[in-house]
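Residue-level structural notes
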Amino acid sequence: MNEPTIALEALTALDIVVLEAKDDGLFVVGRPPAWFHQVFADVDLGGASPYMDNFLLDAWSGPLRLYSGVWTQRDRNGGECSLEAWAVQLAGRRLLLIHRLGEEFEMRQAALQQAREARLSYERLGKVTRGLADDKLRLEMRNREVERINQLKNEFLASMSHELRTPLNAIIGFSSLLAEESAGPLNGEQRSYVAHVARASRHLLDLINDILDLSKIEAGRMEISPEVFPLAEALEEVLATIRPLARDKNIKVVRGDSSGRQVWADRIRFKQILYNLLSNAIKFTPSKGEVRIDAAMKDNQLTVAVTDTGIGIPREEQEAIFEKFHQVGNGPKGIREGTGLGLAITKRLVEQHGGEIRVYSEPGLGSRFVFTLPYSAGSPAQPAPELPESAPPPKFTAPERRMRIAIVEDNPASRALFEAMLKPSYEVACYETGAAALAGFGRERPDLVLLDIALPDMNGLDLLRLIRAEPSTRLSPVVAVSAHAMSGDRERFLTAGFNQYLSKPIADRATLLRAIEPLLRVVEDASGRGRAAS
Amino acid sequence: MSPIQKKVCMAGSFGVGKTSLVRRYVESMFDERYHTTVGVKIDKKQVTVDGKAMTMVLWDLAGEDGVAVLRPSHLRGASGVILVADGCRAGTLDNAISLEQRITAEIGSLPFILALNKLDLAAEWEIHAAAVEPLVRSGWTCTRTSAKSGAGVDEMFLTLARKMLGQDQ
């Protein structure tokens, strides 16, 4: 018995027991020999080990050597033990080796766990990556949708602008003719009615222009083309428009010293900023009040201040006034004039130039709007000397013969308006279609053509090409008169070969004449030279 | 009279929560940490189903991956199967479907339940109703469980126990 005991001890050190199945059933399922528990006191085999039972069903009927695989079961203390077994048939003996797994198994399990955790992390990473890709796709789709909606919005704005400008052209133009009393004198009441119509229609036009501007700014499509120009020049142009408004309200406009100051900005937009601030100041200043504008240049920065003695702005509204559609004083005493967009546009225009705008105001005392504009490093380092005040354009002296102007316009009201504006000074021929115009030009060569763009039978651009192809009209100035007044339209028409572009509505006769007279002078000069040569 | 003993095999991909479902059922506990199962883990649960005492012997089979695969001998004597899938991993449902086919081929048709586990992470689920609907239509019993919260766990084992008892009648 010594040898088996030694062998048993040796195996104990390895946590292995070897059982031999005897024909007499010494080791059978569910009944391990008593000494087994001397080795694995806490391991419950037999009936309490379904896994071992299952393994033994295969153990002696299968191959010479069968491995059980690892299993974990409860031990007698309620803990867990992991085991593995081999059934071996050797020289007619049937041996069962049971190995209780220890530290080595835990390491094996830890390694497998790490591998699986890594795989789970990889799967999660894949999921996150797929999620990101999905998000990206969704974002791209949303961007495309936003672009599409923007496109629709732009088309809507263009269409709205065009459709509103056409009737406004008639309303504004005819009311200006009525106000001129060119068709007969008006009585006081009639003059007042006409003034109301003119004011309301200009308000509507301002609203359209402001909405278009704001939508351009917000879409990032407002392009500015900075240039250097004298402040005094731009200021004078704006004041020329502002003074009549101030006069109507008996408000004094004071212009501080601006001589020598240069501005680096988009000229048109700079004037728009000045106009918005000055017209606002007039609007909110009571009769006999004062509006003043000052400018200073310091550290390469232009500062312009517009100060009024108006109603002022409550402190809590001083930020909100730069928001869209905000109007000061929504209460009963509030003055609700204008579109509520002017200051929002002004702020964005100033910021687009790299400047900023602030307001200082005391209710009842007045307001002061101050904006700054950098004098860019790209502009001349030293302010150029101010140009002398530009001389007024030479007065157009009527030529020996009445010049002929062709109006090609399908809208009856616009056609009648232009005819009424031009007839006192020119021979006018009107055409409703492009074809009618071409036929008419053949009979009577016009000195200048006013051409609408949206004609029923052809596009104004196509008609222009035909006019330029015809020797008799090849050199005639052609002025585009269009309700297409979106960003870039002007450039598009001038590039196409029009000599001038006027957007509808045309404010009054003077505006129209200012646009065409220089062109007619050139025609007149050329024909004079022609006459002299002959 | 000794209670009826029924062998139940838990099968499914690794990491779907088989061990956690057993632990929740047997010990009413849950461990956030992941513990991979090597080989087979055996547990028991005494239950009374409709007045009948039953010992459920739960064979928690190591999750399948490239290394571990289902051993047919482990299925011998099983009375029911719980197929477990992780609701957050669509691939584990495919594997559960494949396992069902292999188990049926190996030991014939058995009462089984498909457990879509990790209901507590429902917001991250990749397995949606549309994927499960055809299985239900073809007669599968599908249930949503959370080993973490315990939602649906007892009910699932009880349903399987009834199915297994029904099989005996």
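**A short note on the overall build of chain B**
- Along the backbone of chain B there are five helices and six strands.
- Going from the N terminus to the C terminus, chain B shows its helices and strands as β-α-β-β-α-β-α-β-α-β-α.
- Sequence separation of at least 24 residues holds for 72% of the intrachain contacts in chain B that already meet a minimum separation of 6.
- For chain B, the accessible surface area stands at approximately 7,500 Å², while carbon and sulfur atoms represent 53% of it.

**Section: the overall build of chain A**
- Across its full length, chain A holds 13 helices and 17 strands.
- Counting over 534 residues, chain A shows a buried share of 42%.
- Of the contacts made within chain A by residues no fewer than 6 positions apart, 63% connect residues no fewer than 24 positions apart.
- Total accessible area on chain A is roughly 28,700 Å²; 55% of this is exposed by carbon and sulfur atoms.

**Some remarks on the interface of chain A and chain B**
- Every contact between the two is made by 27 residues of chain A and, on the other side, 27 residues of chain B.
- Across the chain A to chain B interface the summed buried area is about 2,300 Å²; carbon plus sulfur atoms make up 46%.
- Our count for the contact surface shared by chain A and chain B stands at seven salt bridges.
- Linking chain A with chain B are 19 residue pairs in polar contact (both at pLDDT 80 or more), by the criterion used here.
- Elements that contribute at least two residues to the side of chain A that touches chain B include exactly α3 (50-59), β3 (71-74) and α4 (103-180) of chain A.
- For the side of chain A that touches chain B, the leading source of residues is α4(A), giving 11 residues.
- Residue composition of the side of chain A that touches chain B, by class: 10 nonpolar, eight polar and nine charged.

**Side note on the packing of aromatic side chains**
- All told, the structure shown has 11 aromatic pairs over all chains when counted by the stated rule.
- On the numbers, 5.3 Å between centres and 40° between planes, the contact of A:Y67 with A:W86 is tilted. Highlighted residues: A:Y67 in strand β2 (residues 65-67) and A:W86 in strand β4 (residues 80-90), separated in sequence by 19 residues.
- Taken together, the aromatic side chains of A:Y51, A:W71 and B:W59 make up a single cluster linked through ring pairs.
- It is B:K7 that lies over the ring of B:W59; its NZ or CZ is 3.5 Å from the centre.
- Over the aromatic face of B:Y25 sits the side chain of B:K45, whose NZ or CZ is 4.9 Å from the ring centroid.

**Some points on the pairing of strand β14 (residues 427-431) of chain A**
All names here are of chain A.
- In the sheet, strand β13 (residues 404-408) pairs with β14 via five bridges, with the strands oriented parallel. For R404, the partnering residue across the bridge sits in β14 and is E427.
- The parallel pair β13 and β14 is bridged by helix α9 (residues 412-422), and the resulting crossover is right-handed.

**Some remarks on the nonpolar core**
- In terms of nonpolar packing, the biggest core is built from 41 residues, with A:V263, A:F270, A:L274, A:L277, A:L278, A:F369 and A:F371 touching the most fellow members.
- Apart from residues no more than four positions distant in its own chain, A:L278 is found in contact with A:V238, A:L239, A:I242, A:V291, A:I293 and A:V306.

**Structural notes on the sheet that holds strand β10 (residues 301-308) of chain A**
Residue and element names in this part refer to chain A.
- Strand order across the open sheet formed by five strands is β7-β9-β10-β12-β11, with mixed pairing between neighbours. Because the sheet does not close on itself, it has two edges, and the strands there are β7 (252-255) and β11 (356-362). For this sheet, the mean inter-axis angle between neighbouring strands, taken without regard to orientation, is 15°.
- Where strand β9 (residues 290-298) lies against β10, eight bridges are found, and the strand directions are antiparallel. Each bridged residue has a counterpart across the sheet, and for A295 the counterpart in β10 is V304.

**Focus on the sheet that holds strand β16 (residues 478-482) of chain A**
Residue and element names in this part refer to chain A.
- Strand order in the open sheet made by the five strands is β14-β13-β15-β16-β17, with parallel pairing throughout. The sheet terminates laterally at β14 and β17 (500-503), the two strands that pair on one side only. Taking each pair of neighbouring strands and ignoring which way they run, the sheet shows an average axis angle of 20°.
- Lying on the sheet, helix α10 (residues 434-443) is in contact with β13, β14 and β15 (448-452); it crosses β14 at an angle near 145°.
- Strands in contact with helix α11 (residues 460-469) are β13, β15 and β16; relative to β15, the strand with the most contacts, it is inclined by about 155°.

**Examining the confidence of the model for chain B**
- On average, chain B scores 91 in pLDDT, and the residues at 70 or more come to 96%.
- When pLDDT is averaged over each element of chain B, strand β5 (residues 112-117) of chain B comes out on top at 97 and helix α2 (residues 72-75) of chain B at the bottom at 90.

**Points about helix α3 (residues 90-107) of chain B**
Residue and element names in this part refer to chain B.
- Taking 1.5 Å per residue, 18 residues should reach 26 Å; α3 reaches 27 Å between its end C-alpha atoms and fits that length.
- Those residues of α3 that sit buried are T92, L93, N95, A96, L99, E100 and I103. Taken end-on, α3 shows its buried residues confined to a sector of 155°, consistent with a single buried face. Within α3, the exposed residues directed more than 90 degrees away from the buried face are D94, Q101 and A105.
- Each element contacted by the buried residues of α3 is listed here: β1 (4-12), α2, β4 (78-86), β5 and α4 (129-137).

**Observations regarding the environment of A:G355**
- Relative to the helices and strands, A:G355 resides in the loop between α8 (342-352) and β11.
- As for A:G355 and A:L373, which are separated by 18 residues in sequence, their C-alpha atoms are 4.5 Å apart.

**Considerations on the environment of A:L513**
Residues and elements named next belong to chain A.
- Looking at the element boundaries, L513 is found in helix α13 (residues 509-533).
- The spacing of L513 and M421 is 92 residues in sequence and 8.6 Å in space, taken between C-alpha atoms.
- Here L513 is in contact with L422, Y426 and P518, once residues within four sequence places are set aside.

**Observations concerning the confidence of the model for chain A**
Residue and element names in this part refer to chain A.
- For chain A, per-residue confidence averages 81 on the pLDDT scale, and residues scoring 70 or more make up 82% of the total.
- Ranking the elements of chain A by mean pLDDT puts helix α1 (residues 2-13) last with 47 and β13 first with 95.
- Note on residues 23-31: pLDDT is under 50 here. Beyond four places in sequence and across chains, it has 16 contacts.
- Overall, residues 331-335 carries pLDDT values under 50, and its contacts beyond four positions in sequence, including any with other chains, amount to six contacts.

**Digging into the pattern of salt bridges**
- Under the criterion given, the structure shown has 36 salt bridges over all chains.
- Of the charged contacts, one joins A:R269 and A:D213 as a salt bridge, the two residues approaching to 3.5 Å between their closest N and O atoms. Linking A:R269 in helix α7 (residues 267-283) with A:D213 in helix α5 (residues 188-218), this pair joins segments that are 56 residues apart in sequence.
- A:R269 gets classed as buried once you look at its relative accessible area, which sits at 14%.
- Judged by relative accessible area, A:D213 falls into the buried class, the value being 8%.
- The salt bridge involving A:D452 is made with A:K504; its shortest N-O contact spans 3.4 Å. Taken as a pair, A:D452 in strand β15 and A:K504 in the loop between β17 and α13 lie far apart in primary sequence, 52 residues in all.
- The network of salt bridges with common partners includes A:R119, A:E123, B:D86, B:R89 and B:K118.

Parameters and conventions
- Residues numbered from 1 in each chain as written.
- Chains lettered and ligands numbered in written order.
- Predicted model: local features only at pLDDT ≥ 70, side-chain atom pairs only at ≥ 80, totals over all residues.
- Heavy atoms only, no water.
- Helix = DSSP H or I, 4+ residues; strand = E, 2+ residues; numbered from the N terminus.
- Contact = heavy atoms within 4.5 Å.
- Areas by Shrake-Rupley, 256 points an atom, 1.4 Å probe, with all protein chains shown as cover.
- Buried < 20%, exposed > 50% of the residue type's maximum accessible area, 1.4 Å probe, protein only.
- Buried area = accessible area lost by both parts, 1.4 Å probe.
- Salt bridge = Lys/Arg side-chain N within 4 Å of Asp/Glu carboxyl O.
- Polar contact = N/O pair within 3.5 Å; in protein donor to acceptor, adjacent residues only side chain to side chain.
- Nonpolar A, V, L, I, M, F, W, Y, C, P; charged D, E, K, R; others polar.
- Phe/Tyr/Trp six-rings, centres within 6.5 Å; stacked < 30°, edge-to-face > 60°.
- Lys NZ or Arg CZ within 6 Å of the ring centre and 35° of its normal.
- Pairing = 2+ DSSP bridges.
- Right-handed = clockwise from strand over helix to strand, strands pointing away.
- Core = buried A, V, L, I, M, F, W, Y, C linked by side-chain atoms within 4.5 Å.
- Axes fitted to C-alpha atoms, helices over the stretch in contact; angles between N-to-C directions.
- pLDDT = per-residue confidence, 0-100.
- Expected span 1.5 Å × (residues − 1).
- Arc of directions from axis to C-beta.

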